[in-house]
Amino acid sequence: MSPVNRNQKSVTKATPTLLMRPTEKRPDVHPKWPSEEAQVINFTSRGGSATGVVKEVRWGLVWRDFILEDGRVIPEYKILGEHESPVWRKPQDIGQDEREAWERRLASMADAGLDPRDEEQPFRAELNQYLAYTYLRFKEARNKPPDPKWT
Amino acid sequence: MKIRMIPSEVREEAERYIMGKAYQSGKQQVWSLLSEVGLVDIPTDEFSERVKEAKKAVMDRLGELLESTTDIEERDSAAYSLATLKKLETALQRKGTSRTAD
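Residues numbered from 1 in each chain as written. Chains lettered and ligands numbered in written order. Predicted model: local features only at pLDDT ≥ 70, side-chain atom pairs only at ≥ 80, totals over all residues.

Novice: Is there a simple way to explain the overall build of chain B in this structure?
Specialist: Counting its regular elements, chain B contains three helices and zero strands. Listing each helix as α and each strand as β along chain B from the N terminus yields α-α-α. Counted over contacts in chain B with a minimum sequence separation of 6, partners at least 24 positions apart contribute 47%. (Helix = DSSP H or I, 4+ residues; strand = E, 2+ residues; numbered from the N terminus. Contact = placed C-beta atoms within 7 Å.)

Written out as structure tokens, the structure reads:
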């Protein structure tokens, strides 16, 4: 293994959150938005609509999450206004490493006493995606033959 | 008769467009499916219930996998997921109790 490869491996191990793939690295979808500039978004919230400044966009296990500068996590499907349709991942696209990193993160957030009932917080966002992904991975896979449109 | 060849870049663009449409169509089905089972935006008071349902789905699959001698990798990963869900369920129960006490 070359020195470069060794470095890459150690970085991935040290920072498991890197396993949440940034949007621009997905080869199968090429969303044109959000632009790289700081962007204010409007989104639906429990209390109506709300606004926030996007800090980062991350792929989850099923959909993309928009991380705001104040730490709130907004799933893409809640964003209002004109933009491209939300993009989704297939359960088969999730590798063992990514899934296990996600599970470890959830377990440590639960151990830390975080509550998924706190609105727009990372634990809630990650647990919601994990449950959706688990449903698609197990229940739906048992009930139906693979949809050719997925592949 | 002269046959005009379609330039490769035009053909590739058309293929990408068609594949993209099929992909989006599949995604729409997933959106509808997840919405129907209440997993797109889980209401605050339904997380415990959804974790229980997920646990059941994993246990059902694990039961199938335990009967077969193949799929050992899937069996291990299902067992790992089940352990995670149990941990989450316990944490949610603790949280539920402490909120009720408040």
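This is not the end of the story, as more comes after the structure.
Novice: Quick question: what am I supposed to make of the overall build of chain A here?
Specialist: If you tally the helices and strands in chain A, you get three helices and four strands. Written out in order from the N terminus, the α and β elements of chain A read α-β-β-β-β-α-α. Looking at chain A as a whole, 27% of its 151 residues are labelled buried. Contacts in chain A between residues at least 24 apart in sequence constitute 52% of all its contacts with a sequence separation of at least 6. (Buried ≥ 20, exposed ≤ 12 C-beta atoms within 10 Å, placed from the backbone.)

Novice: I tried to follow the interface of chain A and chain B on my own but got confused; where do I start?
Specialist: Many structure descriptions define interface size as the accessible area lost when the parts assemble. Taken together, the contacts link 26 residues of chain A with 30 residues of chain B. In terms of residue count, helix H3 (residues 122-143) of chain A provides more of the side of chain A that touches chain B than any other element does, 11 residues in total. Across the side of chain A that touches chain B, the residue classes break down as 13 nonpolar, four polar and nine charged. (Nonpolar A, V, L, I, M, F, W, Y, C, P; charged D, E, K, R; others polar.)

Novice: When you look at the environment of B:Glu49 in this model, what are you seeing that I'm missing?
Specialist: Here B:Glu49 lies in helix H2 (residues 47-67). Counting along the chain gives 40 residues from B:Glu49 to B:Glu89, while the straight-line C-alpha distance between them is 9.1 Å.

Novice: Looking at this model, I keep getting lost on H2(B). Mind explaining?
Specialist: All names here are of chain B. Across its 21 residues, H2 extends 31 Å between first and last C-alpha, which sits within 8% of the 30 Å expected from 1.5 Å per residue. Of all the residues in H2, the buried ones are Phe47, Arg50, Val51, Ala54, Ala57, Val58 and Arg61. Around the axis of H2, the buried residues are gathered within 125 degrees of arc, so they sit on the same side. Residues of H2 that are exposed and point over 90 degrees away from its buried face: Gly63, Leu66 and Glu67. (Expected span 1.5 Å × (residues − 1). Arc of directions from axis to C-beta.)

Novice: Sorry if this is basic, but what is going on with the confidence of the model for chain A here?
Specialist: For any part of a model where pLDDT is low, the fine detail of the predicted coordinates should not be relied upon. Residue and element names in this part refer to chain A. Here chain A averages 77 in pLDDT, while 65% of its residues score no lower than 70. Averaged pLDDT values over the elements of chain A bottom out at 40 in helix H1 (residues 3-14) and peak at 96 in strand S4 (residues 73-75). Every residue in residues 1-25 is under pLDDT 50, and counting partners more than four places away or in other chains gives 17 contacts. Confidence over residues 145-151 falls short of pLDDT 50; this stretch has eight contacts with residues more than four positions distant or in other chains. (pLDDT = per-residue confidence, 0-100.)

Novice: Explain the nonpolar core to me, please; I cannot follow it from the model alone.
Specialist: The tendency in soluble globular proteins is for nonpolar side chains to be buried side by side. With 30 residues, the main nonpolar core has A:Leu131, A:Ala132 and B:Leu88 as its most contacted residues. Sorting the residues of this core by element identifies helix H2 (96-111) and H3 of chain A together with helix H1 (8-36), H2 and helix H3 (72-101) of chain B as the ones contributing at least two each. With nine residues, H3(A) is the single largest residue contributor to this core. Each of domain 1 (7-40) and domain 2 (42-102) of chain B contributes no fewer than three residues to this core. (Core = buried A, V, L, I, M, F, W, Y, C linked by C-beta atoms within 7 Å. Domains from an automatic or database assignment.)

Novice: Please clarify how the sheet that holds S4(A) should be interpreted in this entry.
Specialist: Two strands in a sheet stick together by hydrogen bonds in their backbones, pointing the same way (parallel) or opposite ways (antiparallel). Residue and element names in this part refer to chain A. In spatial order, the strands read S1-S2-S3-S4; together these four strands make up an open sheet with antiparallel pairing. Two strands close off the open sheet at either side, each with one partner strand: strand S1 (39-45) and S4. Here the average twist between neighbouring strands, direction ignored, is 55 degrees. Of the strand pairs in this sheet, strand S3 (residues 64-68) and S4 are connected by three bridges, and their pairing is antiparallel. Its bridge partner lying in S4, isoleucine 67 is registered against valine 73. (Pairing = 2+ DSSP bridges. Axes fitted to C-alpha atoms, helices over the stretch in contact; angles between N-to-C directions.)

Novice: Can you help me understand H2(A) in this one?
Specialist: Each turn of an α-helix holds 3.6 residues, which means side chains three or four residues apart point in the same direction. All names here are of chain A. Taking 1.5 Å per residue as the helical rise, H2 with its 16 residues ought to reach 22 Å, and the 22 Å between its terminal C-alpha atoms agrees with that figure. Arg99, Trp102, Glu103, Leu106, Met109 and Ala110 are the residues of H2 that are buried. In a view along the axis of H2, the buried residues occupy a sector of 125 degrees, so they form one face of it. Structural note: H2 exposes Gln96, Asp97, Ser108 and Asp111 on the side pointing more than 90 degrees away from its buried face. In the segment just after H2, glycine 113 is the residue with positive phi, at about 85 degrees.

Novice: Would you explain unusual backbone geometry in this entry?
Specialist: Among all residues except glycine, the phi angle is most often negative; among peptide bonds, the trans geometry is most common. Its identity is not glycine, yet A:Glu120 carries a phi of approximately 60 degrees, on the positive side. With 19 C-beta atoms counted inside 10 Å, the residue A:Glu120 sits in the partly exposed group.

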